[in-house]
Structure formats: structure tokens, C-alpha cells
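The residues making up each chain are set out below.
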Amino acid sequence: MFRRHLTTPNPLPATFMRGGTSKGIFLNRAHLPANPADWPPILRGIMGSPDAHGRQLNGMGGGASSLSKICVVGRPPPGPQPGTEDSVDIEYTFVQIGVTDGVIDMSGNCGNLTTAIGVFALDEKICRIPSLEMYGDTTTAELTRSKATMKLRNINTGKTIRTSFPVSPHTGLATLGDADIAIAGVPGKGSRIRLEFLHPAGASTGALLPTRAARDRIALGAHGECVKISCIDAANPTVCLTLSKLNRLLHARAIACLPAQPAEFLACSFAPAVMDILEDIRGRAAVLMGLDPAVQAQPKICVLRPTDAPDAPYDFAVKTVSMGTLHKAIPSTVALCLAAAVGVKGSVVNVAHAFVVKRRKTSGEPDDKRGPPPSVELKLGIPGGVVSVVGRFAHDGTVTSVAMDRTARRLMRGEVFW
């Protein structure tokens, strides 16, 4: 192993990019050892982990889970004919590096950094543009812009993502500075990058409902207090519970409840006692889902507060705990998982969404009990703004895809020491 490390260049060619609300290092797989088992010392060195002080001063990490990430991008092996249903243009492996402990986790995907995979692949000439489309903006009918569409395979989950983004017709590279959209948690505007996760169910466990139930009751503590949750696996496995259920549990333990109003809930921090309870729930849910509770990368856990006001700008206020810390925005894969969970009849998310829809209906409008419509847009209030995600469903309720729009930005291109 030591000899193999000696053959790996130090420094390595690398690109530092923002994707969505995360930042990370992007590497060409051709520059790393062929066996991923030889990657950990290199990746830890790049990020500056482990760091007992939690700052990652010796590397490119930023001292937070959303800033301690690496994507390894490469060409897929020879396989299906390009352009066919099963073919992909790019493969990539997402790596989460523990800030303080240096644990290397490749069990799940990062939706935010997936935003920049196609951009990096074109920059590094790992692939060519497989599909190019001319289109116009909302103010003119003239077809003045070019859009590339490509399919990515995430090695961690085995799932396929279709992405599209604007490219220059002159250079064939992504143009990221168009003022198309703003996303919550990121200043300014950028070019629209669409991510569509195809058939996202069972990303880590093989099933949309790993426990085979839309809702589960988990007993906690010596007194056996129970809390209702939903365990959903789409894009990444996620544990969902409502703020009201969490506050009921906090009250039973004489712990200060979290603010009930959505805006105040989004602005609040979670006390250590609250974080301990959420980690207890997450760990027990992980066992039910067949996952290792010691791995903090998954499942993630989110707390939902459905809105009461018919004119509210979002359906739920959402706060997420990821890698043992309260996320400052929302992991994209959690948002996408919620889009899938809307279609799971009886799930915590489905019931909460039905409550919101009922409050917004005009008087006398009939309820729709036929199951999920073909497409559902879900608006999530998070710290910093609103995130929109779309879930698409077949007639039998199967999740066919979940999608969202993101932006990305190139930050640095050069070499990184490990």
C-alpha cells in the first residue's frame, strides 16, 4: 500500500467548487490509485482530518460536514451503447470525511455536490457533451443559449441522476454565471442546474420503506416514551418526525420545548439535550432500517413543522441534523427524500402535507383520495430561505423521480497537497 501511495502524485490536480450549499474538492479518478481502499490517507490529507480542534487547518476542509467533502469523477467502464436507457456518461464516488475523527464514509451520496459533477467532467475533458439543446430565456423566443444534458451514476448508491446546465457553444464548457436563479443559503444568483434523481427509492437499503411501514413507533429511554417517525430511503435514507411529536417528548422529560411558530423554529438552535434525543431516535431508526447506527452520515434526521397559514411561502419549516450537527441549510438528498415521502400514504410527511393542502383549499373543494398526483411540488422553509423540490409518481404510487434546481461556482483550479 505504501508503494502505491508513492506512485500517486503529491500534489494532485484538483478543482475546488461550490455545489448547492456545499463546497468540496473534485478529483479525476485517473489520478488516484485504482483500488479505492488506498484512497483514505490521501483524502484525509487533502481535507486536514482528523483534527481534534474541529478546524481542519492543515487541509482544505472548513470545519463543518458540508465543507468536508470530496468527489472522485471518472469515465464509466465499457457497457451499454451510449444514449440507451442503461447507459451513463459519468461515474462518481462521493466521500464524506469526518472533521474531528477522520472517518471516511462512502455509504451515501451528496445531492449538493452532485450539482457540479457534470461541470467538472466537461472542464477535465472526462467526457464529451452527449446531448446539446438550444433554448431561449423567458423574455425572448430566440434560441440563444445552449444546454447540455448528461446522465451520472453515483457509485455509492448505484443510482442514476440526469443533470442539465447551460454551456458555451464556443468552448463546450459550463457557464455558471448567468443570473437564472437564487438558492436559499447562497448569496447572489447563478445558472440553473437541474438535478433529477431517477428511480431514487432504496438508495442505501434497497427499499423506499426499509421498515416496511409508512410510520414506526420508537420507544425511548427507561420510561419507554414513544415517538412516531417515518423511515424513508430515497436519494439518501432519512428519518422524519414532526415538531409537535418532538416537543411532546421534550415536555415529558422536562426539557424546554422548541418554538412552535415556523419562523422562530427555523431561527432557533438545538440545545445539547435536544440533540441527544434526536441522535437516540436516529440511532434506533438506523437499526430498524438495517443500517449501522454508529455511522452518522446516514440516516439523517429532520424535524418538520407544517405551516398553518394558507398564504405561507412554504409547506414545511424543516431543520436537519447531519453528521451530528444541526445543518445550516438542508442536505439536498434530504429535501429530495421528502419529495418522495409525500407520495407514501400514511407517512409523517404525507399526513403533514395533506394537512397543509387542506388548509389551503377553497371551501367546498373535494378531497382527492386517489393517491399522489403525477407530480407534486414541495416547498421547504429552511434557515436562509425556501427550497423547492418535485416528486413524480407512477399510477401505482411508485416514485419515478425527484428533482430540484441548484447553482454551482468554480472556486479554484490547481493542485492540492495531501
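What you see is a predicted model, and the numbers here were worked out from it, not measured in a lab.

Trainee: Can you tell me about the overall build of the chain, naming the residues and giving the values?
Mentor: Looking only at helices and strands, the chain features 9 helices and 19 strands. Taken against the 2.2 N^0.38 rule, which gives 22 Å for 418 residues, the C-alpha radius of gyration of the chain at 21 Å falls within 12% of a compact globule. By its C-alpha atoms, the chain is 60 × 55 × 40 Å across when sized along the principal axes. In the chain, which comprises 418 residues, the share counted as buried stands at 53%. Across the chain, every contact between residues at least 6 apart in sequence was considered, and the portion connecting residues at least 24 apart equals 62%. Distance between charge centres in the chain, computed from 46 positive and 34 negative side chains, equals 1 Å.

Trainee: Tell me about the packing of aromatic side chains, and please be specific about residues and values.
Mentor: Applying the stated criterion across every chain, the model contains 2 aromatic pairs. When the centroid spacing of 5.7 Å and the interplanar angle of 40° are considered together, the rings of phenylalanine 26 and phenylalanine 120 count as tilted. Placement of the pair is phenylalanine 26 in strand E2 (residues 22–28) and phenylalanine 120 in helix H4 (residues 117–123), with a sequence separation of 94 residues. Each member of the pair phenylalanine 26 and phenylalanine 120 is classed as buried.

Trainee: Go over the pattern of salt bridges, please, and point to the residues and values.
Mentor: One side chain can pair with another of opposite charge once the charged atoms of both are near each other. Tallying each qualifying case throughout the model produces 12 salt bridges. Aspartate 123 is the salt-bridge partner of arginine 410, the closest N and O atoms lying 2.8 Å from each other. Placement of the pair is arginine 410 in strand E19 (residues 408–416) and aspartate 123 in helix H4, with a sequence separation of 287 residues. Ionic pairing is found between aspartate 405 and arginine 194, a salt bridge with its closest N-O pair at 2.5 Å. Pair noted here: aspartate 405 is in strand E18 (residues 399–406) and arginine 194 is in strand E9 (residues 193–198), with a separation of 211 residues, a long-range link. The class for arginine 194 is partly exposed, based on a relative accessible area of 28%. One network of salt bridges, in which partners are shared, links Arg29, Glu91 and Arg153.

Trainee: Explain the state of the cysteines to me, and be specific about the residues and the numbers.
Mentor: Under the criterion given, the structure shown has 0 disulfides. Unpaired in terms of disulfides, cysteine 71 finds its nearest cysteine sulfur in cysteine 110, a separation of 6.4 Å.

Trainee: Describe the pairing of strand E13 (residues 300–306), naming the residues involved and giving the relevant values.
Mentor: Of all 7 residues in E13, 7 are buried, a share of seventy percent or more. Of the two faces of E13, the one carrying Lys300, Cys302, Leu304 and Pro306 and the one carrying Ile301, Val303 and Arg305 are both buried. Where strand E12 (residues 236–242) and E13 come together, 5 bridges link them in parallel fashion. What sits directly across from threonine 238, in E13, is lysine 300. As paired elements, E13 and strand E14 (residues 316–322) share 6 bridges and run antiparallel to each other. Considered in E14, the bridge of arginine 305 is made with alanine 317.

Trainee: Describe the environment of alanine 214, with residues and values.
Mentor: Tracing the backbone through its elements, the reader meets alanine 214 in the loop between E9 and strand E10 (216–220). Expressed as a C-alpha distance, the spacing of alanine 214 and leucine 243, which sit 29 residues apart in the sequence, is 18 Å. Those residues within four positions of alanine 214 in sequence are excluded, and the remaining contacts are Leu209, Ile229, Ser230, Val344, Lys345, Gly346, Ser347 and Val348.

Trainee: Provide a residue-level description of the packing of helix H5 (residues 243–252) against helix H7 (residues 272–288), including the pertinent values.
Mentor: Interhelical geometry of H5 versus H7 gives an angle of 115° and a closest axis separation of 11 Å. Two packed elements cross with a definite hand, and for H5 against H7 that hand is right-handed. Contact residues: H5 offers Leu246, Leu249 and Leu250, while H7 offers Val274, Ile277, Leu278 and Ile281.

Trainee: Lay out unusual backbone geometry in plain terms, naming residues and giving numbers.
Mentor: With an omega of 15°, the peptide bond running from asparagine 10 to proline 11 counts as cis. Cis geometry marks the peptide bond from serine 49 to proline 50, where omega comes out at 5°. Assignment of secondary structure puts proline 50 in the loop between helix H2 (40–47) and strand E3 (69–74). In this model, alanine 235 sits at a positive phi of 75°, which is unusual for a non-glycine residue. Mapping alanine 235 onto the fold places it in the loop between strand E11 (225–234) and E12. Residue class for alanine 235 comes out buried when judged on its relative accessible area of 4%. Although it is not a glycine, alanine 254 sits at a positive phi angle of roughly 60°. Within the secondary structure, alanine 254 sits in the loop between H5 and helix H6 (262–267). With a relative accessible area of 73%, alanine 254 lands in the exposed category.

Trainee: Explain H5 to me, using residue names and the numbers behind them.
Mentor: Each α-helix turn comprises 3.6 residues. Residues three or four places apart therefore point the same way. Listed as buried for H5 are Leu243, Leu246, Asn247, Leu249 and Leu250. Buried residues in H5, looked at end-on, bunch into an arc of 160°, giving them a common side. Residues of H5 that are exposed and angled more than 90 degrees away from the buried face: Arg248, His251 and Ala252. On its buried side, H5 packs onto E10, E11, E12, H6, H7 and E13. Phi turns positive one or two residues past the end of H5, at alanine 254, with a value near 60°.

Thresholds, definitions, all that
- Within every chain, residues take consecutive numbers counted from 1 along the sequence as written.
- Per-residue local features of the predicted model are confined to residues with pLDDT of at least 70, and side-chain atom pairs are confined, for both listing and counting, to 80 or more; whole-chain, interface and lining totals are unaffected and use all residues.
- Only hydrogens and water are set aside; all other atoms, that is, all heavy atoms of the structure, feed into the side-chain values.
- Helix and strand definitions follow DSSP, with helices as H or I runs of at least four residues and strands as E runs of at least two, each counted in order from the N terminus.
- As defined in this context, the radius of gyration uses C-alpha atoms, and a globule is described by 2.2 Å times the residue total to the power 0.38.
- Throughout, exposure labels follow a simple rule: accessible area from a 1.4 Å probe, protein chains only, divided by the maximum for the residue type, with under 20% read as buried, over 50% as exposed, and the rest as partly exposed.
- Two residues form a contact once any of their heavy atoms are found within 4.5 Å.
- Note that His is not counted, nor are the chain ends; the positive residues are Lys and Arg, and the negative ones are Asp and Glu.
- Throughout, a charge is located at the NZ atom of Lys, the CZ atom of Arg, the CG atom of Asp or the CD atom of Glu.
- Planes of paired rings set the category: under 30 degrees apart is stacked, over 60 is edge-to-face and the rest tilted, where pairs are Phe, Tyr or Trp rings (Trp by its six-membered ring) whose centres lie within 6.5 Å.
- Take a side-chain nitrogen of Lys or Arg and a carboxyl oxygen of Asp or Glu: if they are within 4 Å of each other, that pair is a salt bridge.
- Disulfides are defined in this document as cysteine sulfur pairs within 2.5 Å.
- Strand pairing is assigned whenever DSSP detects at least two bridges linking the two strands.
- Every axis corresponds to a line fitted to the C-alpha atoms, with the helix fit spanning only the stretch in contact, and the corresponding angles, defined between N-to-C directions, vary from 0 to 180 degrees.
- Handedness of a crossing is defined here by the sense of rotation of the near helix relative to the far one, left-handed for an anticlockwise turn of less than a right angle and right-handed for a clockwise turn.
- Relevant arc is that of directions from the helix axis to the C-beta atoms, nothing else.

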